[in-house]
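Single-letter residue listing:
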Amino acid sequence: MKRVHVAVGIIVNSQQQILLAKRHGHLHQGGKWEFPGGKVEADETVTQALIRELKEEVNLSVVSSSVFMSISHDYPDKQVLLDIHLVQDFSGEAIGVEGQQIVWVNQAQLKDYEFPEANLPILEKIYQELG
Ligand SMILES: Nc1nc2c([nH]c(=O)n2[C@H]2C[C@H](O)[C@@H](COP(=O)(O)OP(=O)(O)OP(=O)(O)O)O2)c(=O)[nH]1
Ligand SMILES: [Mg+2]
């Protein structure tokens, strides 16, 4: 099985809230909350994919980002490589462009949301570093 390469953004606003989006029910890991992002295409860098996906999915224009962490995870039905960037420098107003629910949450509220299993190390690192 080919590993799917995904660019993911931990988007943090000036009030230190983090943007979450709900995956549509029919998708892989549907119904769970995610950090916005999507597949890196063949001719793209992770940063280019992140910029494109965040505009397409949540209407935000990334100005700069920094590497947060990478996670390789095997779901029973899919293998993913998540390249996660921290995005604190962006412009625009967040919108669920694809009709998905979005929410800005405080770090303390993250525990109330259900994430894909691959995201557990991300949440641990957020608690350590951004808390
Ligand atoms: N965006 C994102 N994807 C995640 C997270 N955690 C996690 O396991 N994934 C997985 C779910 C999917 O298998 C994959 C993302 O692929 P996707 O289908 O959303 O990709 P995409 O946005 O390019 O969508 P598409 O247009 O190709 O359908 O990564 C996360 O926090 N954010
Ligand atoms: Mg996506």
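Residues numbered from 1 in each chain as written. Chains lettered and ligands numbered in written order. Predicted model: local features only at pLDDT ≥ 70, side-chain atom pairs only at ≥ 80, totals over all residues.

### A look at the UniProt feature "binding site: 8-oxo-dGTP" (unreviewed entry) in the chain
Those places that UniProt annotates as "binding site: 8-oxo-dGTP" (unreviewed entry) correspond, in this numbering, to Arg23, His28, Glu34, Phe35, Pro36, Gly37 and Asn119. Spanning 97 residues, the named residues nonetheless gather at one spot, since no C-alpha pair among them exceeds 14.2 Å. Along the chain, His28 falls in the loop between strand S2 (18-22) and strand S3 (33-34). A count of 12 C-beta atoms within 10 Å places His28 in the exposed class. Judged by the 23 C-beta atoms lying within 10 Å of it, Asn119 falls in the buried class. (UniProt positions renumbered as here; feature names shortened; annotations may be inferred. Helix = DSSP H or I, 4+ residues; strand = E, 2+ residues; numbered from the N terminus. Buried ≥ 20, exposed ≤ 12 C-beta atoms within 10 Å, placed from the backbone.)

### Quick notes on the environment of Ile84
Within the secondary structure, Ile84 sits in strand S6 (residues 79-91). The exposure class of Ile84 is buried, given the 24 C-beta atoms found within 10 Å. For Ile84 and Ile126, which are 42 residues apart along the polypeptide, the C-alpha to C-alpha distance reads 12 Å. When near neighbours in sequence (up to four residues on either side) are disregarded, Ile84 contacts Val8, Ile10, Phe68, Met69, Ser70 and Ile122. (Contact = placed C-beta atoms within 7 Å.)

### Some remarks on the sheet that holds strand S1 (residues 4-11)
Pairing in this open sheet of four strands is mixed, and the strands run S4-S1-S6-S5 from one edge to the other. The sheet terminates laterally at strand S4 (37-39) and strand S5 (61-74), the two strands that pair on one side only. Pairs of neighbouring strands in the sheet enclose a mean axial angle of 20°, with direction left out of account. Relative to S4, S1 runs antiparallel, the two being bridged by three bridges. Note on S4: the bridge partner recorded for Val8 is Gly37. Packing of helix H2 (residues 120-129) onto the sheet brings it into contact with S1, S5 and S6, and relative to S5 it is tilted by some 125°. (Pairing = 2+ DSSP bridges. Axes fitted to C-alpha atoms, helices over the stretch in contact; angles between N-to-C directions.)

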